[in-house]
Amino acid sequence: MHGPVYTVSDVMTRTVVALAAGAAFKEIVRTMEGRRISALPVVDAGNRVVGVVSEADLLRKEEFRDSTPERGPRARPPAGLDKARAVTAADLMTSPAVTVRPDATLGRAARVMARRRVKRLPVVDDDGVLRGIVSRADLLRVFLRPDEAIAEEVRREILAGRLPDGIESIGVTVDEGVVTLSGRVRDTSVVPLAVRLVRSVEGVVDVRSELTGPPHRPALEPDLMPEEEARRSVPPDPGPERSGGRAGPVGAAPRDLRPSPRDAAGGDLETREGG
């Protein structure tokens, strides 16, 4: 696509609050509460991301407050017990951190969040240095794109540039991010392609297709057909019927077999005056 493709760098927060590995438990809680954020990246001395501490990591301490782990030679400590006993960011954090690059598309960042079940992603460069952070809310900002900008990109980049029918034959309207395509196309097989391409435009909420194919040509009556078509539509002449005798010339009138008046009277019908 030739239109603008939004990346993580377009929507990420560049001023990031990060934790040192030695940050204390209560300090972490105070920072999250004061900033109203649910997770914080942990960085080393070179500002490289080494882990992330989330609210879920901190809640391990509350989860195991009233529990007594089983003891014995075969007893295994329950999952999360180590974090319940932790008092610094280095022991609380989840490592390695799930991160994303600044040039990643918003779609890729959304898929990473969904698959890893996280709400925020540290944004790092090729060296792992922290450059920003992106949240679910940041990814949703693309849907605030104006309808006019979406419609213009659809007309210019999708219809005029990629479809054989071009911009003249297809109408585009956008209402609250929902794109409606209307009009006629010569080949209806391009409709699914058009819908898929329009759906890929940043900020599109949905696509509705009202595209139809060319009108059907009605069958014409023989007397309304062009001369050549009318001539081809006349059934061929089956030829003269045969009755065992010799056929007469084609197109000849049938013979009248009734006796003539002269034959019926037995003589010449001509009269002469005076005997």
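Shown above is the structure to which this text applies.
Numbers given to residues run from 1 along each chain, matching the order in which its sequence is written. Side-chain atom pairs in this predicted model are given and counted only at pLDDT of 80 or more, local residue features only at pLDDT of at least 70, and totals for whole chains, interfaces and linings cover all residues. The basis for the side-chain values is all heavy atoms of the structure; hydrogens and waters are excluded.

Asker: What am I meant to see in the overall build of the protein chain here?
Answerer: Secondary structure summary: the protein chain contains eleven helices and eight strands in total. We call a residue buried when its accessible area falls under 20% of the maximum for its residue type, exposed when it is over 50%, and partly exposed in between, using a 1.4 Å probe and counting protein chains only. Expressed as a percentage of the 275 residues in the protein chain, the buried residues total 33%. Nonlocal contacts in the protein chain, meaning residues at least 24 apart in sequence, comprise 57% of its contacts between residues at least 6 apart. Computed with the Shrake-Rupley method and a 1.4 Å probe, the accessible areas treat only the protein chains shown as cover for residues. Accessible surface computed for the protein chain: about 19,400 Å², of which carbon and sulfur atoms make up 50%. Each helix corresponds to a stretch of at least 4 residues labelled H or I by DSSP, and each strand to a stretch of at least 2 residues labelled E; elements are numbered beginning at the N terminus. Contacts: residue pairs with any heavy atoms within 4.5 Å of one another.

Asker: When you look at the sheet that holds strand S7 (residues 178-184) in this model, what are you seeing that I'm missing?
Answerer: In sheet architecture, strand pairing relies on hydrogen bonds along the backbone and comes in two forms, parallel and antiparallel. Whether two strands pair depends on DSSP finding at least two bridges between them. Taken in spatial order, the three strands line up as S6-S7-S8 in an open sheet, and their pairing is mixed. Strand pairing shows two members of the sheet lacking a second neighbour, strand S6 (170-175) and strand S8 (206-212), which therefore form its edges. Within this sheet the neighbouring strands show an average axis-to-axis angle of 15 degrees, counted without direction. Simply put, an axis is a line fit to the C-alpha atoms, just over the touching stretch for a helix, and the angle between two N-to-C directions goes from 0 to 180 degrees.

Asker: What is the right way to read the layout of surface pockets from this model?
Answerer: To find leftover empty space, one rolls a probe the size of a water molecule over the atoms. Cavity means a closed set of points on a 1 Å grid over the protein atoms alone, one where a 1.4 Å probe fits but cannot get out, pocket means an open set with protein on both sides within 12 Å along at least 5 of 7 lines, and lining means a residue has an atom within 4 Å of a point. Grid points are joined across faces, edges and corners, and a volume is the space filled by probe spheres set on the points. Estimated volume of the largest pocket: approximately 480 Å³. Every residue lining the largest pocket is counted, 21 residues in all, and those nearest its centre are Val52, Ser54, Thr94, Arg117 and Val118. Elements with a contribution of two residues or more to the lining of the largest pocket: strand S3 (49-54), helix H3 (55-63) and strand S4 (120-124). Top element by residues in the lining of the largest pocket is H3. It accounts for four residues. When residues are grouped by polarity, Ala, Val, Leu, Ile, Met, Phe, Trp, Tyr, Cys and Pro land in nonpolar, Asp, Glu, Lys and Arg in charged, and all others, Gly among them, in polar. Of the residues that constitute the lining of the largest pocket, the class distribution is nine nonpolar, four polar and eight charged.

Asker: Is there a simple way to think about a nonpolar patch on the surface in this case?
Answerer: By definition, no residue in a patch forms a salt bridge, and every one has over 30% relative accessible area; like charges are joined within 9 Å, nonpolar side chains (Val, Leu, Ile, Met, Phe, Trp, Tyr) within 5 Å. Salt bridge, as used here, is a side-chain nitrogen of Lys or Arg placed within 4 Å of a carboxyl oxygen of Asp or Glu. On the surface, Leu140, Phe143 and Val205 cluster together into a nonpolar patch covering about 290 Å² of accessible area. For Val205, the position within the fold is in the loop between helix H9 (191-199) and S8.

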